Amino acid sequence: MRFCVLTLFPEMIRNAVSYSVLGRAAAAGIISVEAVDIREYSRDKHKHVDDYPFGGGAGMVMQPQPIYDAYEDARRGFAKPPKVVYLSPQGRVLNQEIARELAQEEGIILLCGHYEGVDQRVLDEIVTDEISIGDFVLTGGELPALVLIDAVARMVDGVLGNESSAGEESFSGMFLEYPQYTRPREYHGMPVPEILMSGHHANIAKWRLTQSIAATIQKRPDLIEPERMTEEERRIYEKIQQEGEEPRVKSVEP
Ligand SMILES: C[S@@+](CC[C@H](N)C(=O)[O-])C[C@H]1O[C@@H](n2cnc3c(N)ncnc32)[C@H](O)[C@@H]1O
């Protein structure tokens, strides 16, 4: 999958995607992340890319011409017209479903705003999707673009070493992921739950499901939709509810 990022700060993007899982996926040719410097497309002799807002007000606004020309150039590299995502606090808030949806694309162009934002006319002209990473305002679209690239790329086949890890984690279904443990077996007087060392796969799976449901009740009850549960999930969910006490992940037995 191809990500093409239109930005005033291309090094922010190039540096961040050169590490860890994304860096390996790019080296293996499974994804490519290209950062296009909008400033290089400015026709202004001083390479200005922003100006004062018409109507007054604080700050500067990114001008349409350099963005449009950068987009036109980037678009030529795609076999079919790609989605153009403007990272914006006004957009749909990114979640796992949107990431999964975008991972079906062959490639996307991401537009990062800066300063007070971007001239509305170029947004109207080229943008197909507006996506926010949360209800807060950042100084620029580069960090949101990186968040989106990371969330989308790990849904692309072959990016995660272990294909099953994206399928079991939080937000892959209705429940958050169960707690994870690794060596040592005892840490600061706290042992790893005995069941995980039992080698009994069915019991471990049931324990993990119970922990997932308990963690979701405790941390994100808004995600729970009883009508979408399997019979087994509903039985465990009701048992936890009937215990009558505040669900605490540590205390829940399978
Ligand atoms: C300071 S913000 C502009 C905010 C704009 N004046 C407004 O109130 O909607 C500058 C740029 O940062 C990016 N940005 C800021 N917060 C964001 C968020 N929560 N999600 C995605 N992008 C964001 C956008 O690209 C935006 O154009």
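Residues numbered from 1 in each chain as written. Predicted model: local features only at pLDDT ≥ 70, side-chain atom pairs only at ≥ 80, totals over all residues. Heavy atoms only, no water.

## A word on the overall build of the protein
So, point 1. Check the secondary structure of the protein and you find nine helices and nine strands.
So, point 2. Projected onto its principal axes, the C-alpha coordinates of the protein cover approximately 70 × 40 × 40 Å.
So, point 3. Residue burial in the protein is summarised as follows: out of 254 residues, 42% are buried.
So, point 4. Expressed as a percentage of contacts within the protein between residues at least 6 apart in sequence, the contacts between residues at least 24 apart total 75%.
So, point 5. Accessible surface computed for the protein: about 15,000 Å², of which carbon and sulfur atoms make up 49%.
So, point 6. Across the protein, the centroid of the 27 positively charged side chains sits 4 Å from that of the 41 negatively charged ones. (Helix = DSSP H or I, 4+ residues; strand = E, 2+ residues; numbered from the N terminus. Buried < 20%, exposed > 50% of the residue type's maximum accessible area, 1.4 Å probe, protein only. Contact = heavy atoms within 4.5 Å. Areas by Shrake-Rupley, 256 points an atom, 1.4 Å probe, with all protein chains shown as cover. Lys, Arg positive; Asp, Glu negative; His and termini not counted. Charge placed at Lys NZ, Arg CZ, Asp CG, Glu CD.)

## Here's the deal with the site of the ligand
So, point 1. If you check the shell around the ligand, you find 21 residues, and the closest are Tyr-86, Leu-87, Glu-116, Phe-136 and Leu-138.
So, point 2. Between Ser-88 and the ligand, the recorded distance is 3.2 Å, taken from a backbone N or O atom to a nitrogen atom.
So, point 3. A distance of 3.0 Å is found between an oxygen atom of the ligand and a backbone nitrogen or oxygen belonging to Gly-113.
So, point 4. By residue number, the principal contributor to the shell around the ligand is strand S5 (residues 83-93), which donates five residues.
So, point 5. Residues that form the shell around the ligand fall into these classes: ten nonpolar, ten polar and one charged. (Near = heavy atom within 4 Å. Polar contact = N/O pair within 3.5 Å; in protein donor to acceptor, adjacent residues only side chain to side chain. Nonpolar A, V, L, I, M, F, W, Y, C, P; charged D, E, K, R; others polar.)

## Concerning the UniProt feature "binding site: S-adenosyl-L-methionine" (unreviewed entry) in the protein
So, point 1. Cross-referencing UniProt, the feature "binding site: S-adenosyl-L-methionine" (unreviewed entry) maps to Gly-113, Ile-133, Gly-134, Asp-135, Phe-136, Val-137 and Leu-138 in the present numbering.
So, point 2. On the accessibility criterion, Gly-113 (7% relative accessible area) is buried.
So, point 3. What Gly-113 contacts, discounting residues up to four positions off in sequence, is Met-62, Tyr-86, Val-118, Gly-140, Gly-141 and Glu-142.
So, point 4. With respect to the element layout, Leu-138 can be found in the loop between strand S7 (129-132) and helix H6 (142-153).
So, point 5. Setting aside anything within four residues of it in sequence, one finds Leu-138 in contact with Ile-133 and Pro-144. (UniProt positions renumbered as here; feature names shortened; annotations may be inferred.)

## Let's talk about helix H9 (residues 231-242)
So, point 1. Here H9 is twelve residues long and its end C-alpha atoms lie 16 Å apart, about the 16 Å a rise of 1.5 Å per residue gives.
So, point 2. Along H9, the positions that sit buried rather than exposed are Glu-233, Ile-236, Tyr-237 and Ile-240. Looking straight down H9, one finds that the buried residues subtend no more than 100° of arc, so they occupy a single side. Across H9 from its buried face, at more than 90 degrees, point the exposed residues Glu-231, Arg-235 and Gln-242.
So, point 3. Considering only its buried residues, H9 is in contact with helix H8 (201-219). (Expected span 1.5 Å × (residues − 1). Arc of directions from axis to C-beta.)

## Some words on the sheet that holds strand S6 (residues 107-112)
So, point 1. Sheet architecture is open: five strands sit in the order S2-S1-S6-S5-S7, paired in parallel fashion. Where the open sheet ends on each side, the last strands, each with one partner, are strand S2 (32-37) and S7. The sheet shows a mean angle of 35° between the axes of neighbouring strands, direction not considered.
So, point 2. As judged from the six bridges shared by strand S1 (residues 2-7) and S2, these two strands associate in the parallel manner. If you follow Thr-7 over to S2, its bridge partner there is Asp-37.
So, point 3. Running over the sheet, helix H3 (residues 64-75) touches S1, S2, S5 and S6 and is turned about 165° from S1. (Pairing = 2+ DSSP bridges. Axes fitted to C-alpha atoms, helices over the stretch in contact; angles between N-to-C directions.)

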